[in-house]
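Chains, contacts and geometry: an overview
Letter by letter, the chains look like this.
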2 protein chains.
Amino acid sequence: MNTRNDDEYYMRRALEEARAAARDGEIPVGAIVVDADGRIIGRGHNLTEKLRDVTAHAEMQALTAAALMLDSKYLPQATLYVTLEPCLMCAGAIGWSQLGRLVIGAADPRRGYSVLCAGSPFHPRTEVVSGVLDDECRNIIIDFFKTKR
Amino acid sequence: MNTRNDDEYYMRRALEEARAAARDGEIPVGAIVVDADGRIIGRGHNLTEKLRDVTAHAEMQALTAAALMLDSKYLPQATLYVTLEPCLMCAGAIGWSQLGRLVIGAADPRRGYSVLCAGSPFHPRTEVVSGVLDDECRNIIIDFFKTKR
């Protein structure tokens, strides 16, 4: 597990979630949580417009679903795949969850946690990988905003 | 509205939420959202243990409830009262909500957003007031951990 091929495989699943968001008129961000055996135990996509709830980000839903599935609020064995760099809110939630591994698609230079945090917001054991399917993850957002103009 | 007396009044309502959390064995943090007319439009207390969900902080629930009540994900006319300084996650959510005013009880020097953020995580128009019923808000947490030992 956790090879580059696996990461791309799961990031494509997160991209499917992002596409589902776009179909609903939501900014297309998707997330998947995978356990140590490679099972998908949580998924989510941005639903802030539909739910009129700023907390309804893809990562929040995927983390909550995974915690429910495992009946544990801590996820040290799990990997979260997300198509866009988490914001401060989602980074905070990832920190509380003690996530094992975080795999990010595209960077978010405006709202991403890495710009806004004074240090790492994550558990010291959380491994972070960035730039997996970077172009696809960025382009789905660029394309979404093109259709909005 | 928004005088010191009003702030103490609403912070006492937030403290009632915190006490409800303590009764459930949760770290006692409470939150209240009040609209421009002084109506309470959202409330919440920490439920992370009961729900086994790291995202179930008092502020997240109060903000989500207020947004549902107003049918708007933005809360520029609302005030959030919270007994403990928000963490990174909750500060991020407050930022997204474009909250009008944030009133904090006790500081959280370990996990509070002010320690962990590189700049303000809030909307530029969000007014922030700290230290309202500081001692009561801190002591309820100190007392909670004393009973746990």
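That block above? That's the structure.
Computed from a prediction, not measured in an experiment: that's the story for all the values here.

Notes on the overall build of chain A
Helix and strand content of chain A: 5 helices and 5 strands. Along chain A, helices (α) and strands (β) appear in the sequence α-β-β-α-β-α-β-α-β-α when read from the amino end. Since a compact globule built from 149 residues should have a radius of gyration of about 15 Å, the 14 Å found for chain A is in line with a globular shape. Taking all 149 residues of chain A together, 55% fall into the buried category. For chain A, the computed accessible surface area is about 6,900 Å², with 49% contributed by carbon and sulfur atoms. With 18 positive and 20 negative side-chain charges, chain A shows a spacing of 4 Å between the two charge centroids.

Examining the relation of the copies chain A and chain B
The transform that puts chain A on chain B rotates by 180 degrees and translates by 0.0 Å along the axis, for an RMSD of 0.0 Å. Such a combination of turn and shift is consistent with a two-fold rotation axis. In terms of C-alpha distance to the rotation axis, chain A has M89(A) as its closest residue, with the C-alpha 1.9 Å off the axis. Residue by residue, 100% of the interface of chain A is reproduced at the interface of chain B, so both copies engage with the same surface.

Focus: the pattern of salt bridges
Enumeration over the complete set of coordinates arrives at 22 salt bridges over all chains. Its salt-bridge partner being D71(A), residue R52(B) comes within 3.0 Å of it at the nearest N-O pair. Here R52(B), found in the loop between β2 (40-45) and α2 (58-70), pairs with D71(A), found in the loop between α2 (58-70) and β3 (79-84), and the two come from separate chains. Looking at R52(B), the relative accessible area reads 41%, which means it is partly exposed. Measuring nitrogen to oxygen at the nearest pair gives 2.8 Å for the salt bridge that ties R101(B) to D7(B). Note that R101(B) is positioned in strand β4 (residues 101-106) and D7(B) in helix α1 (residues 4-23), a separation of 94 residues in sequence.

Focus on the nonpolar core
In this structure, L80(A) and L80(B) are the most contacted members of the largest nonpolar core, which totals 86 residues. With near-sequence residues (within four places) excluded, L80(A) lies in contact with A31(A), I32(A), V33(A), E59(A), A62(A), L63(A), I94(A), L99(A), R101(A), L102(A) and V103(A).

Some details on the interface of chain A and chain B
With 27 residues of chain A in contact, the opposing surface of chain B contributes 27 residues. Between chain A and chain B, a total of about 2,400 Å² is buried, with carbon and sulfur atoms accounting for 66% of that surface. At the junction of chain A with chain B, the criterion picks out 4 salt bridges. The interface formed by chain A and chain B includes 8 residue pairs in polar contact (both at pLDDT 80 or more). Elements with a contribution of two residues or more to the side of chain A that touches chain B: α2, α3 (88-97) and α4 (113-116) of chain A. No other element matches α3(A), which puts 6 residues into the side of chain A that touches chain B. Tallied by class, residues from the side of chain A that touches chain B come to 13 nonpolar, 8 polar and 6 charged.

With respect to the sheet that holds strand β2 (residues 40-45) of chain A
Residue and element names in this part refer to chain A. The strand order across the open sheet formed by 5 strands is β2-β1-β3-β4-β5, and the pairing between neighbours is mixed. Looking at the sheet topology across the chains shown, the edges are occupied by β2 and β5 (127-129). Going across the sheet, the axis of each strand differs from the next one's by a mean of 15 degrees, ignoring polarity. Here strand β4 (residues 101-106) runs beside β5; their pairing, made up of 3 bridges, is parallel. From the neighbouring strand, R101 faces β5, where its bridge partner is E127. Across the sheet, helix α5 (residues 134-148) is in contact with β3 and β4; its angle to β4 comes to roughly 60 degrees.

Brief notes about the packing of α3(A) against helix α3 (residues 88-97) of chain B
Contact geometry of α3(A) with α3(B) gives a least axis separation of 7 Å together with a crossing angle of 160 degrees. Judged by the inter-axis angle, α3(A) sits roughly antiparallel to α3(B). Crossing of α3(A) over α3(B) shows left-handed handedness. Contact residues: L88(A), M89(A), G92(A), A93(A) and W96(A) in α3(A); L88(B), M89(B), G92(B), A93(B) and W96(B) in α3(B). Its residues assigned to classes, the contact of α3(A) with α3(B) shows 8 nonpolar, 2 polar and no charged.

Observations regarding α5(A)
All names here are of chain A. Here α5 contains 15 residues, and its C-alpha end-to-end distance of 22 Å stays within 8% of the 21 Å for a straight helix at 1.5 Å per residue. For α5, the set of buried residues is C137, I140, I141 and F144. For α5, the angular spread of the buried residues around the axis is 90 degrees, confining them to a single face.

Conventions we followed
- Residues numbered from 1 in each chain as written.
- Chains lettered and ligands numbered in written order.
- Predicted model: local features only at pLDDT ≥ 70, side-chain atom pairs only at ≥ 80, totals over all residues.
- Heavy atoms only, no water.
- Helix = DSSP H or I, 4+ residues; strand = E, 2+ residues; numbered from the N terminus.
- Rg over C-alpha atoms; globule rule 2.2 N^0.38 Å.
- Buried < 20%, exposed > 50% of the residue type's maximum accessible area, 1.4 Å probe, protein only.
- Areas by Shrake-Rupley, 256 points an atom, 1.4 Å probe, with all protein chains shown as cover.
- Lys, Arg positive; Asp, Glu negative; His and termini not counted.
- Charge placed at Lys NZ, Arg CZ, Asp CG, Glu CD.
- Least-squares fit on C-alpha atoms with pLDDT ≥ 70 in both.
- Contact = heavy atoms within 4.5 Å.
- Salt bridge = Lys/Arg side-chain N within 4 Å of Asp/Glu carboxyl O.
- Core = buried A, V, L, I, M, F, W, Y, C linked by side-chain atoms within 4.5 Å.
- Buried area = accessible area lost by both parts, 1.4 Å probe.
- Polar contact = N/O pair within 3.5 Å; in protein donor to acceptor, adjacent residues only side chain to side chain.
- Nonpolar A, V, L, I, M, F, W, Y, C, P; charged D, E, K, R; others polar.
- Pairing = 2+ DSSP bridges.
- Axes fitted to C-alpha atoms, helices over the stretch in contact; angles between N-to-C directions.
- Parallel < 35°, antiparallel > 145°, perpendicular 65-115°, else oblique.
- Left-handed = near helix turned anticlockwise from the far one by under 90°.
- Expected span 1.5 Å × (residues − 1).
- Arc of directions from axis to C-beta.

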